[in-house]
Amino acid sequence: MKKPVATSLLVLVTAACTPMGPQAPGADMQGSSSSPAPHQTAASPQAEARARDEVARRAEGQRPVLAYDRAAGTQAVMPAPRPWPMPAPPTMDRERYQRFESNPVRLVAEAPVSTFGVDVDTGSYGNVRRMLVAGRLPPRDAVRVEEMINYFPYDYPGPTDGHPFAVHADMLDNPWRPGSRLLRIGIKGEDRARESLPPANLVFLVDVSGSMRGADRLPLLKSSLKLLAQRLRAEDRISLVSYASGTQLVLPATAGNEKARILDAIESLQAGGSTAGASGIELAYRTARQAYMPDGINRILLATDGDFNVGITDFDRLKSMVEERRKSGIALSTLGFGAGNYNEHLMEQLADAGDGAYSYIDSLMEAHKVLVNEASSTLETIARDVKIQVEFNPALVSEYRLVGYENRALAREDFNNDRVDAGDIGAGHTVTALYELTLAGSPGHVEPLRYGRHTPAGGGGGSPPAGEGADRAHGQAAEFAFVRLRYKRPGESESTLLTRPVTSGDFRGLDSADDDSRFAVAVAGFGQLLRGGRYTGGWDWQAVRELAAGARGPDSFGYRGEFLRLVDLAASLGTPAPQPAGQGG
């Protein structure tokens, strides 16, 4: 009785493992030439095991199992087992950032002059906040320290001498390197109420490609644009251009008081398709030119994740295209959205090339800050191509290091060249730059030369370089540095020069400095720690928090209180330093 059972099992297994050709409907499978009759032989236990394994393997591959029905003389298709649920593949992190190294220490004897263009972007801070809140430290190339500092408003006195902004400078103790100093340069643009701004010709250029699906992308973008649309005036004009696989003029130039029409156009945006960003930029500039206001504000607001993948996608060609179009008098600012595929490098550089500013929108609160609270700064430019040049006195300063502004560096000769582009300042903007200074005769970063005439690392001071410059340095013994600044008024091609010496009378101890000064220093230290803390010594997250907490001040919008929470998050995510033996638990 056992032999027929084994034979039947082998028949079943053999039929299941035999590949079947296509059959006509209703055809008798047994009579088909593609299905030979099973051999009536006994199977060994090893053969049966191998057959069972083969059946299991094919079932996992979701191929149908064919069973032989001896009574009917046919083969029947048995349903395949339901597959085990597979986990979703992890989201690919394709975020792109510009790689750069922190500014190095410079010897005043070798390079006494430092030149850079101002930067009013704040996008790096918002992007870093997004990552910290998500529970991860940002990549160091995502951290631009100057944008961290300039995210916060500072209460610098405004201009009183007819210039569009005021320039301030002072020196403070350096908390992360005792014995050295920090030189702070602060700029405060002329404040203008939103109601007093010239008429605005605004073009919203909106990415509606498939990559903009998700609550933190197109839905947040639409809510953000509605905030600005609600505050448009009758004399303002707004257009709406969208792009995905193609481009579309969703709303031609419309008066700002037609709220319902504008909001309906924004609400109609839906995500889907590829990302033809270059074509969208071209259409946005054409639309802006058609509604151009000679005496007004003409600006494109590009809102996207920067993931261009159709048409012109090369970074340098996109940047060159925007640089060429800015000659028309139309500025381009960028609003970044999203994560995972976010192209931050493109967003920051397009805004730079377009004479605009770059912001990252990670919440509706941030949109309110950029588009409502700081609308005047975002929309109106009061000074173009603003450049700063600092000359250090070798008699008093041996080393310096500019904190941040790595991608804003300029050649020394570019300062006087009005054809060289630099950063723009909007109404009410504040800009802060910090230099770390090593005083002459103090220990420095750089080891002194054995055969040199100067000793920058401290000790004996050495002989100063000979010549007319050295005579002037000793003649201006009270001056640590001399600050020069150039800017152009909108519509002008020749720059105006401002100057200011920095003397011993500008020094204040850190403890006696105002809240703005101490808070800016805390943020600078925080940004450097996020980049690895190469120059911050033993200064840590707790030191940042203590300095910032003591300089919180009125904090009308809560930005500084939020900063303290971000410091706590960064401290919890960072790798703790090893404790000395005998400490800890």
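Residues numbered from 1 in each chain as written. Predicted model: local features only at pLDDT ≥ 70, side-chain atom pairs only at ≥ 80, totals over all residues. Heavy atoms only, no water.

Student: It is not clear to me how the sheet that holds strand β5 (residues 165-173) should be interpreted in this structure. Could you clarify?
Tutor: Hydrogen bonds between backbone groups are what pair the strands of a sheet, and the pairing can be parallel or antiparallel. With mixed pairing, the 6 strands of this open sheet are ordered in space as β3-β14-β16-β6-β5-β19. Looking at which strands have only one partner, the edges of the open sheet turn out to be β3 (106-107) and β19 (507-508). Relative to strand β16 (residues 430-439), strand β6 (residues 181-189) runs antiparallel, the two being bridged by 8 bridges. Within β16, the residue paired with L182 across the bridge is E436. (Pairing = 2+ DSSP bridges. Helix = DSSP H or I, 4+ residues; strand = E, 2+ residues; numbered from the N terminus.)

Student: Even after reading the chapter, I still don't get the nonpolar core, so can you show me in this structure?
Tutor: Across soluble globular proteins, nonpolar side chains show a tendency to be buried alongside one another. By size, the foremost hydrophobic cluster in this structure holds 40 residues, and its most contacted members are M148, I149, F152, F519, F526, L530 and F563. Looking at this core element by element, the count peaks at 9 residues for helix α13 (residues 515-530). Apart from the residues lying within four places of it in its own chain, the contact partners of F563 are Y125, F152, F519, A522, V523, F526, V544 and A548. In this structure, F116, F165, M171 and V386 belong to the second largest nonpolar core, which totals 35 residues. (Core = buried A, V, L, I, M, F, W, Y, C linked by side-chain atoms within 4.5 Å. Buried < 20%, exposed > 50% of the residue type's maximum accessible area, 1.4 Å probe, protein only. Contact = heavy atoms within 4.5 Å.)

Student: I tried to follow helix α14 (residues 541-549) on my own but got confused; where do I start?
Tutor: Along an α-helix, residues three or four apart share an orientation, since each turn contains 3.6 residues. Among all positions of α14, only W541, A543, V544, L547 and A548 are buried. Down the axis of α14, the buried side of the element spans an arc of 160°, and every buried residue falls inside it. Lining the buried residues of α14 we find α13 and α15 (559-573). (Arc of directions from axis to C-beta.)

Student: Explain helix α6 (residues 259-267) here, please?
Tutor: Among the residues of α6, I262, A265 and I266 are the ones counted as buried. What you see down the axis of α6 is that its buried residues fit within an arc of 100°, all on one side. Exposed and oriented more than 90 degrees from the buried face of α6 are A260 and D264. Along its buried surface, α6 packs onto β7 (200-207), α5 (218-229), β8 (237-243) and β9 (247-255).

Student: Sorry, what's going on with unusual backbone geometry here?
Tutor: If a residue is not glycine, its phi is most likely negative; likewise, a peptide bond is most likely trans. Although it is not a glycine, Y405 sits at a positive phi angle of roughly 65°. Within the fold, Y405 resides in the loop between β14 (397-403) and β15 (423-426). A positive phi angle is found at D555, which is not glycine, with a value near 50°. For D555, the location among the structural elements is in the loop between α14 and α15.

Student: Teacher, can you tell me more about the side chain of E479 here?
Tutor: Along the chain, the position of E479 falls in strand β17 (residues 479-488). Apart from the residues lying within four places of it in its own chain, the contact partners of E479 are N393, L396, P501, V502 and T503.

Student: Hey, could you run me through the pairing of β16 in this one?
Tutor: Two faces make up the sheet, and in a regular strand the side chains alternate between them. Buried residues dominate β16, accounting for 10 of its 10 residues. With burial as the criterion, each face of β16 is covered, one bearing T430, T432, L434, E436 and T438 and the other bearing V431, A433, Y435, L437 and L439. Where β14 meets β16, 6 bridges bridge the pair, whose relative direction is antiparallel. Across the sheet, residue V403 finds its bridge partner in β16, namely L434.

Student: What should I look at first to understand the sheet that holds β9 in this one?
Tutor: Judged by pairing direction, the sheet is mixed, and its 6 strands sit side by side in the order β9-β8-β7-β10-β11-β12 without closing on themselves. Since the sheet does not close on itself, it has two edges, and those belong to β9 and β12 (358-360), each with one partner. Averaged over all adjacent pairs, the angle separating strand axes in this sheet is 15°, with direction ignored. Examined bridge by bridge, β7 and strand β10 (residues 297-304) share 7 bridges and lie parallel to one another. Bridge pairing in β10 places L205 opposite L302. Together, β10, β11 (331-336) and β12 form the strand contacts of helix α9 (residues 344-353), whose direction differs from that of β11 by roughly 155°. (Axes fitted to C-alpha atoms, helices over the stretch in contact; angles between N-to-C directions.)

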